[in-house]
Amino acid sequence: MPDSAKNDNIYQPRPARIDRVIRESSQIKTFVVRFAEPAVQEAFTYRPGQFLMVSVPGCGEAPISIASSPTRPEEIHLAIRRAGQLTAALHLLGPGAAIGLRGPYGRPFPVEDLAGRPLLFVAGGIGLAPLRSVILYTLDQGKAYGPRTILYGSRLPSDIAFRQDLAAWQEDAATTCLVTVDQAEAGWDGPVGVVTTLFDRISIDPEATVALVCGPPLMIRFVLAELARRGLPAERIYTTLERHMKCGVGVCRHCHLDGRLVCADGPVFSLAELADLTTF
Ligand SMILES: Cc1cc2nc3c(=O)[nH]c(=O)nc-3n(C[C@H](O)[C@H](O)[C@H](O)COP(=O)(O)OP(=O)(O)OC[C@H]3O[C@@H](n4cnc5c(N)ncnc54)[C@H](O)[C@@H]3O)c2cc1C
């Protein structure tokens, strides 16, 4: 993997700027960003599931999944939910603003192993960001991938992020895309209920399907249990873990979890790899 976006000093972010901001929902914005140095931008590549350490001068940095696909190298998308100080500062920035980026880091989704298999993506809220990278990747590879089923859950209709993508996937002949909300609002005539309630609307072939899951920890736990109940083996279920991390590269060990480092051994893990976790 080319290391163009990494400096000799691994903690030194590369200068970057915001090109465009897409408002996804009340709490989520997608930032289209690029490295300030054209040579760095041109050589930058990554794999679906990897993340960047994103910094705002004077505010610190946080890991953010790359929501775009390496098959579309002209743009890097970072979908960011306002959570605390750093993400609130990011949400105030507009086109032209300077930020820092270092990476890509982390173990990606095993996209090669997904070819030729039915794929089931289950996402909650901002959790669709890293899965969006895989979904766009598989779409761009054409017939090598699919059929895809995408289940997306959001708290309220007004919280639904990635609306444009969800609409496009609902139009795609090789993709089934269902969206549910925990609680309806005026004008919503779609499914109501947590994301696992959508499982009764689809059929899963447990002999072949690979599932990719990302969302809040509670959602992940219920989805993994549902997938196990439907006979999907732990080796074919992938999920991402979130932990506070500082360095992002396996040095500080801040994101240590039962013998694993979420930054370097993950953030993508198969459920089989997590079988002995005591804290998940
Ligand atoms: C590999 C990875 C990829 C991520 N990708 C994205 C992404 O694509 N988009 C996005 O919006 N966020 C993503 N996050 C989460 C993001 O890094 C954190 O929310 C970050 O701490 C926000 O920084 P802040 O200073 O704004 O908030 P903080 O002040 O750090 O935190 C605000 C609140 O969120 C809680 N929190 C912070 N980080 C975590 C965490 N890792 N796990 C659980 N709770 C946490 C804090 O306890 C606090 O309550 C990712 C995290 C990881 C580890």
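Residues numbered from 1 in each chain as written. Predicted model: local features only at pLDDT ≥ 70, side-chain atom pairs only at ≥ 80, totals over all residues. Heavy atoms only, no water.

Moving on, we come to the site of the ligand. Neighbouring the ligand are 19 residues; P63, S65, A79, R81 and T87 lie closest to it. Between P63 and the ligand, the recorded distance is 2.7 Å, taken from a backbone N or O atom to an oxygen atom. L86 is positioned with one of its backbone polar atoms (N or O) 3.1 Å from an oxygen atom of the ligand. Relative to its unbound accessible surface of 890 Å², the ligand loses 71% to contact with the protein. For the shell around the ligand, the secondary-structure elements that each account for two or more residues are β4 (60-65), β5 (76-81) and α2 (85-91). Split by residue class, the shell around the ligand holds eleven nonpolar, five polar and three charged. (Near = heavy atom within 4 Å. Polar contact = N/O pair within 3.5 Å; in protein donor to acceptor, adjacent residues only side chain to side chain. Areas by Shrake-Rupley, 256 points an atom, 1.4 Å probe, with all protein chains shown as cover. Helix = DSSP H or I, 4+ residues; strand = E, 2+ residues; numbered from the N terminus. Nonpolar A, V, L, I, M, F, W, Y, C, P; charged D, E, K, R; others polar.)

Before going further, it helps to examine the packing of helix α4 (residues 128-140) against helix α5 (residues 163-171). The description of two packed helices rests on the angle between their axes and on the distance between the axes. Running from N to C, α4 and α5 cross one another at 40°; their axes reach a closest spacing of 12 Å. α4 and α5 meet at a crossing whose hand is left-handed. In contact with L128, R132, I135, L136 and L139 of α4, α5 contributes D165, L166 and W169. In terms of residue class, the contact of α4 with α5 is built from six nonpolar, no polar and two charged. (Axes fitted to C-alpha atoms, helices over the stretch in contact; angles between N-to-C directions. Left-handed = near helix turned anticlockwise from the far one by under 90°. Contact = heavy atoms within 4.5 Å.)

So, about the pairing of β4. Of the strand pairs in this sheet, strand β3 (residues 51-56) and β4 are connected by six bridges, and their pairing is antiparallel. Its bridge partner being in β4, S55 is matched across the sheet by E61. Linkage of β3 to β4, two consecutive antiparallel strands, is achieved through a turn of three residues, within which G58 is found at a positive phi near 85°. (Pairing = 2+ DSSP bridges.)

Our next topic: the sheet that holds β5. With antiparallel pairing, the six strands of this open sheet are ordered in space as β4-β3-β6-β1-β2-β5. In this open sheet, the two strands that pair with only one neighbour each are β4 and β5. The mean angle between the axes of side-by-side strands here comes to 40°, regardless of whether they run parallel or antiparallel. Judged from the four bridges that link them, strand β1 (residues 14-23) and strand β6 (residues 98-105) form a sheet pairing that is antiparallel.

Everything listed here is a matter of geometry and, on its own, says nothing about what the molecule does.
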